[in-house]
Amino acid sequence: DEVLAGKVPYITRERCWPAGVPGFTVYTRGGQPLFFYQTKDKVMIVNELNSQVRHVYLNVPHSKNLTPSWYGESVGHYEGDELVVDTIGLNDRTPVDNYRTPHTTQIHVVERFKLIEGGKTLQATVTVDDPGAFNMPWTAVQRWKHTDRVLEEDLCSENNTAFFDYDVVPIPMANKPDF
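So, how was this worked out
Residues numbered from 1 in each chain as written. Predicted model: local features only at pLDDT ≥ 70, side-chain atom pairs only at ≥ 80, totals over all residues. Heavy atoms only, no water. Pairing = 2+ DSSP bridges. Helix = DSSP H or I, 4+ residues; strand = E, 2+ residues; numbered from the N terminus. Contact = heavy atoms within 4.5 Å. Polar contact = N/O pair within 3.5 Å; in protein donor to acceptor, adjacent residues only side chain to side chain. Phe/Tyr/Trp six-rings, centres within 6.5 Å; stacked < 30°, edge-to-face > 60°. Buried < 20%, exposed > 50% of the residue type's maximum accessible area, 1.4 Å probe, protein only.

1. Regarding the pairing of strand 1 (residues 34–38)
- Judged from the five bridges that link them, strand 1 and strand 2 (residues 42–47) form a sheet pairing that is antiparallel. In the strand pairing of strand 2, Leu-34 is matched with Asn-47.
- Connecting the antiparallel pair strand 1 and strand 2 is a turn made up of three residues.

Encoded structure:
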């Protein structure tokens with residue numbers, strides 16, 4: 001509604017908010033690379049934009065009673081040469097795209113990461129199922145070209161509440177510590 005009313009859309013990361021899932025994968029912008037770091041039990045995916053980090057725990061089931069969070073709980077496994085990441089337990093504070101399309105806490109996201117074109121391109125096929133927000137599951141594809149670039153610091157500066165003269169949106173704060 002705000003975009004149709006002539007307001008400029010913004011992405012959560014322009015407010016220093018976590019991108020959430022699938023936003024972390026689906027709406028990267030400006031060619032910011034993803035960096036994958038893997039141990040035998042976990043894959044860490046770092047998006048250079050605002051230095052956001054996701055943790056994907058390998059070959060384990062989802063936890064029983066999750067408290068919804070910005071990135072939810074991601075568990076993964078390999079099917080051949082494809083990393084399959086299953087994410088649940090997301091809060092409803094992030095949009096799924098640059099148009100700020102909302103979702104509910106029922107959202108379930110499956111990402112399939114695979115190198116294509118002889119390893120020159122990383123492709124992520126993302127399937128989103130959220131019966132509380134969408135009439136049916138939907139799928140998006142995102143691709144990144146391989147780069148030899150090193151990870152650069154791209155930190156977000158909180159307090160950018162009037163970025164592009166948007167209405168003031170407060171920086172999200174927890175009501176109580178979660179630790």
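2. Things to note about the environment of Val-21
- Checked against the element boundaries, Val-21 lands in the segment before helix 1 (23–26).
- Here the alpha-carbon distance between Val-21 and Pro-95, two residues 74 residues apart in the chain, equals 8.6 Å.
- For Val-21, the residues in contact, after removing those within four places along its chain, are Arg-54, Trp-70, Tyr-71, Thr-87, Leu-90, Ile-107, Val-109 and Glu-111.

3. Things to note about the side chain of Thr-87
- When you line up the elements, Thr-87 lands in strand 5 (residues 82–88).
- At a separation of 3.3 Å, a polar atom in the side chain of Thr-87 contacts the side chain of Arg-54.
- At 2.7 Å, the side chain of Thr-87 and the side chain of Ser-74 are in polar contact.
- Contacts of Thr-87, omitting those with residues within four sequence positions, involve Val-21, Arg-54, His-62, Tyr-71, Gly-72, Glu-73, Ser-74, Ile-107, His-108, Val-109 and Glu-111.

4. Concerning the packing of aromatic side chains
- Counted according to the given criterion, the structure contains three aromatic pairs.
- With centroids separated by 5.9 Å and ring planes inclined at 90 degrees, the aromatic side chains of Phe-24 and Tyr-71 adopt a geometry described as edge-to-face. Linking Phe-24 in helix 1 with Tyr-71 in the loop between strand 3 (52–58) and strand 4 (73–79), this pair joins segments that are 47 residues apart in sequence. Tyr-71 shares its class with Phe-24; the two are buried.
- Taken together, a centroid distance of 5.5 Å and an interplanar angle of 75 degrees make the contact between Phe-36 and Phe-113 edge-to-face. Taken together, the residues span a long stretch of sequence, with Phe-36 in strand 1 and Phe-113 in strand 6 (residues 108–116) at a distance of 77 residues.
- For Phe-113, a relative accessible area of 4% corresponds to the buried category.

5. A short note on unusual backbone geometry
- Cis geometry is found at the peptide bond from Val-21 to Pro-22, where omega equals 20 degrees.
- Among the structural elements, Pro-22 can be located in the segment before helix 1.
- Notably, Asn-59 is not glycine yet its phi reads approximately 55 degrees, a positive angle.
- Among the structural elements, Asn-59 can be located in the loop between strand 3 and strand 4.
- You will see that Glu-117, though not glycine, has its phi angle at about 55 degrees, which is positive.
- Structurally, Glu-117 can be placed in the loop between strand 6 and strand 7 (121–129).
- The class for Glu-117 is partly exposed, based on a relative accessible area of 48%.

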